[in-house]
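Commentary on secondary and tertiary structure
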Amino acid sequence: MPPLPPAIAELYPFAPNYFETDAGKMHYVDTGTGARGNVVLLHGNPSWSFLWRDLIKELAAKGFRCIAPDHLGMGLSDKPEKFLRLSDRIRHVEALLSQLGIEKFSLCVHDWGGAIGSGVATRASGKIEKLVITNTAAFRSLNIPKRIALCKIPGFGPFIVKAFNAFAWPATFMSVRQKLPAAVKAGFLLPYHSFRSRTAVANFVRDIPLSAKHPTYATLSEIENALPSLSEKPMLIAWGGLDFCFDDTFFEGWKQRFPHAKTIYCPDAGHYLLEDAGTHLVPEIAKFLSE
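Residues numbered from 1 in each chain as written. Predicted model: local features only at pLDDT ≥ 70, side-chain atom pairs only at ≥ 80, totals over all residues. Heavy atoms only, no water.

1. Topic: the overall build of the protein
The condition is simple: Helix numbers and strand numbers start at the N terminus; a helix is a DSSP run of H or I with at least 4 residues, a strand a run of E with at least 2. Exposure is judged per residue with a 1.4 Å probe applied to protein chains only, and the accessible area is read against the type maximum: over 50% gives exposed, under 20% gives buried, and values in between give partly exposed. Residue contacts are counted whenever heavy atoms from the two residues lie within 4.5 Å of one another.
Regarding its fold elements, the protein presents twelve helices and eight strands. The principal-axis extent of the C-alpha atoms belonging to the protein is close to 50 × 45 × 40 Å. Put simply, the protein has 291 residues, and 58% of those count as buried. For the protein, restricting intrachain contacts to residue pairs at least 6 apart in sequence, the fraction spanning at least 24 positions comes to 77%.

Set out below in structure tokens:
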């Protein structure tokens, strides 16, 4: 991987690390001493570990060890053509944490990271210390925006996503309410510069299970049914109220399942809530994990 452009490297100043999986090399951030514990941060689609950059800096400065992988096909990881499903994503994160010898950790999740992280957490709940949930889901729903459903249309959807970057590029303005600075926008788009590099972006959309016939439906059902195993864990639900994708019905879904959770609702933040409300949220999340 060539050096990052200076403006992006200034925002994302982390040394690269790579882990060999059965489908390619997974890039991950690994920074901080770990004196205060471990925090695993899982992004979704079409972002990458760049999403967590400010939170990683804050937590590392407080003595946490932060581990933030880029799912295969995303970010600075390899871009295999192989179709990887939710079950593969869970397995890859588990393998990375095993390789790193991480026995106890807190978990921060966003978008598809919610399903992936909840899959990891429910299969090893004894390892989980705290959970931070941000604009995501880990339970079945038929609530899908038309603009995302369009990208699921067989043939047409993957083509427009890969040929015209019709997912990552719109996300840079549809997922926020405050215009992204040029370097931040460039950072989000950096990994998805060609037809081939957008394969995983398209496949993540195709892997959204809307019926019992879908190959990932059983995996998501299993995760949803296992969520009660996390009911005693300290949880913070931070939510952007203007998310076009994970709207407030998902926020209510989390609160119903975890009524004890602390909540922070940001009414003027979009899907990339750390971009819109990070000045407020980053210290609050760090405080929650430090308590």
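The discussion continues.
2. A closer look at helix 6 (residues 156-164)
An α-helical turn contains 3.6 residues, so a residue and the one three or four places further along point in the same direction. Every buried residue of helix 6 is accounted for by Gly157, Pro158, Ile160, Val161 and Lys162. Buried residues along helix 6 sit against helix 5 (146-150) and helix 9 (199-206). One or two steps after helix 6, the chain reaches Asn165, where phi turns positive at roughly 55°.

3. Overview of the pairing of strand 7 (residues 235-240)
Applicable threshold: The rule for pairing is simple: two strands pair if DSSP sees at least two bridges between them.
In terms of burial, strand 7 is largely enclosed, as six of its six residues are buried. Strand direction decides the pairing type here: strand 6 (residues 128-136) and strand 7, joined by four bridges, are parallel. Bridging across to strand 7, Leu131 finds its partner in Met235. Here five bridges tie strand 7 to strand 8 (residues 262-266), and the two strands are oriented parallel to one another.

4. Section: the environment of Ser211
For Ser211, the location among the structural elements is in the loop between helix 9 and helix 10 (217-226). Residues Ser211 and Ser141, 70 residues apart in the sequence, show an inter-C-alpha distance of 9.5 Å.

5. Here we look at helix 11 (residues 248-257)
Counted only if it meets this: By arc we mean the arc of the directions from the helix axis to the C-beta atoms, nothing more.
Taken as a whole, helix 11 has its buried residues at Phe250, Phe251, Gly253 and Trp254. Angularly, the buried residues of helix 11 cover 160° about the axis, an arc narrow enough to put them on a single face. Those residues of helix 11 that are buried are in contact with helix 4 (112-123), strand 6, strand 7 and strand 8.

6. Quick word on the packing of aromatic side chains
Operational definition: A pair of aromatic rings is counted whenever rings of Phe, Tyr or Trp (Trp by its six-membered ring) have centres within 6.5 Å, and the orientation is called stacked for planes under 30 degrees apart, edge-to-face for over 60 and tilted otherwise. Put simply, a charge is over a ring when the Lys NZ or the Arg CZ is close to the ring centre, within 6 Å, and near the line of the ring normal, within 35 degrees.
For the coordinates displayed, the defined rule picks out 15 aromatic pairs. Considering the side-chain rings of Trp112 and Phe204, the 5.4 Å spacing of their centres and the 50° angle between planes classify their relative orientation as tilted. Taken as a pair, Trp112 in helix 4 and Phe204 in helix 9 lie far apart in primary sequence, 92 residues in all. Here the two residues Trp112 and Phe204 agree in accessibility, since each one is buried. Through a chain of ring-to-ring contacts, three or more aromatic side chains come together here, namely Tyr12, Phe14, Trp48, Phe50, Phe188 and Tyr272. Lying across the ring of Phe83, Arg85 places its NZ or CZ 4.2 Å from the centre. In this arrangement the basic side chain of Arg257 is found over the ring face of Phe139, its NZ or CZ atom lying 3.9 Å from the centre.

7. Thoughts on the side chain of Asn203
Where we set the bar: We call two N or O atoms a polar contact when they sit within 3.5 Å, provided that within protein one can donate a hydrogen and the other can accept it, with sequence-adjacent residues counted only if both atoms are side-chain atoms.
By the element assignment, Asn203 lies in helix 9. Side chain to side chain, Asn203 and Arg206 meet in a polar contact 3.0 Å long.

8. Some words on the nonpolar core
Rules: We define the nonpolar core as a collection of buried residues of types Ala, Val, Leu, Ile, Met, Phe, Trp, Tyr and Cys that are connected through side-chain atoms lying within 4.5 Å of one another.
By size, the foremost hydrophobic cluster in this structure holds 98 residues, and its most contacted members are Leu41 and Leu289. Looking at which element gives the most residues to this core, the answer is helix 12 (residues 273-290), with nine residues. Beyond its immediate chain neighbours, meaning those up to four positions away, Leu41 contacts Trp52, Leu55, Ile56, Cys66, Ile67, Ala68, Pro69 and Cys108.

9. Some thoughts on the environment of Lys82
In this structure, Lys82 sits in the loop between strand 4 (65-69) and helix 3 (86-100). By relative accessible area, Lys82 is classed as partly exposed at 47%. C-alpha of Lys82 to C-alpha of Leu72: the two residues are ten residues apart in sequence and 9.8 Å apart in space. Not counting chain neighbours up to four residues away, the residues in contact with Lys82 comprise Ala23 and Asn203.

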